[in-house]
Amino acid sequence: MNSVLLETFLSDLLTRLKGAPVSAEEVRNAPTLPSTHAFSTGQRALFESDDQRTVQGALLAQEHLAYSMLTRLYEGVRNYKSAYETDDDFHEACEYFYVHIGEAEKDHKAQAVISAAAVCQDEEDLAVVTEGFTRFVNLTSDYRSGVASEMARRAAAA
């Protein structure tokens, strides 16, 4: 459901900006940056770990970053509000953001704390959870640095 809402939003926005249809499939199959690929691969490795402490640490980091990431993305999306005929059209298109910013991410964050605490029985457990958390934060940092570099490269080329 989440990916469908986001793909629908991106397809609609890109269609409006391009002035020609952009399908959800085109959005899904768009080329990715090396940092995006590394982020996805690194996430998969963390979340497929056999050690639930690693998984819970990564999930804790993901959920603590998600709310601020989504609010910043939404603030960026607001720059394209003029692509919509009415304010209501824009806000209806932004359902993905409102669902997550309104309540879901706050709940996910609290649930992630509870889940991480459940696998922490001693200092060793906490160290493994912390490692999973730190690895996810580092993956996210590298991903964002890759996006920032690409944006700077494109701006310099323009």
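Residues numbered from 1 in each chain as written. Predicted model: local features only at pLDDT ≥ 70, side-chain atom pairs only at ≥ 80, totals over all residues. Heavy atoms only, no water.

### Considering the packing of helix H1 (residues 2–18) against helix H6 (residues 95–118)
Inference 1: The N-to-C vectors of H1 and H6 enclose an angle of 135 degrees; their axes lie 8 Å apart at closest approach. By the criterion of interaxial angle, the relationship of H1 to H6 is oblique. Contacts between H1 and H6 pair Asn2, Leu5, Leu6 and Phe9 from the former with Glu95, Tyr96, Phe97 and His100 from the latter.
Inference 2: For the contact of H1 with H6, the residue count by class is five nonpolar, two polar and one charged. (Axes fitted to C-alpha atoms, helices over the stretch in contact; angles between N-to-C directions. Helix = DSSP H or I, 4+ residues; strand = E, 2+ residues; numbered from the N terminus. Parallel < 35°, antiparallel > 145°, perpendicular 65-115°, else oblique. Contact = heavy atoms within 4.5 Å. Nonpolar A, V, L, I, M, F, W, Y, C, P; charged D, E, K, R; others polar.)

### Remarks on the layout of surface pockets
Inference 1: One number sums up the size of the largest pocket: a volume of about 2,300 Å³.
Inference 2: What lines the largest pocket is a set of 43 residues, among which Leu6, Leu10, Thr36, Leu73 and Tyr143 lie closest to the centre.
Inference 3: Looking at the lining of the largest pocket, the elements with two or more residues in it are H1, helix H2 (24–28), helix H3 (34–47), helix H4 (52–77), H6 and helix H7 (123–157). (1 Å grid on protein atoms, 1.4 Å probe; cavity = no way out; pocket = protein on both sides within 12 Å on 5 of 7 lines; lining within 4 Å. Points joined across faces, edges and corners; volume = space filled by probe spheres on them.)

### Section: a nonpolar patch on the surface
Inference 1: The grouping of Leu14, Leu17 and Tyr80 at the surface amounts to a nonpolar patch, some 260 Å² of accessible area in total.
Inference 2: Among the structural elements, leucine 17 can be located in helix H1.
Inference 3: On the accessibility criterion, leucine 17 (44% relative accessible area) is partly exposed. (Patch = residues over 30% accessible without salt bridge, like charges linked within 9 Å, V, L, I, M, F, W, Y side chains within 5 Å. Areas by Shrake-Rupley, 256 points an atom, 1.4 Å probe, with all protein chains shown as cover. Salt bridge = Lys/Arg side-chain N within 4 Å of Asp/Glu carboxyl O. Buried < 20%, exposed > 50% of the residue type's maximum accessible area, 1.4 Å probe, protein only.)

### Section: the pattern of salt bridges
Inference 1: A complete count under the given rule lists 10 salt bridges for this structure.
Inference 2: Of the charged contacts in the structure, one is a salt bridge between aspartate 51 and arginine 53, with a shortest N-O distance of 2.7 Å.
Inference 3: By relative accessible area, aspartate 51 is classed as partly exposed at 22%.
Inference 4: Under the relative-accessibility criterion, arginine 53 is labelled buried at 18%.
Inference 5: Arginine 154 serves as the salt-bridge partner of glutamate 150, at 2.7 Å between the closest nitrogen and oxygen.

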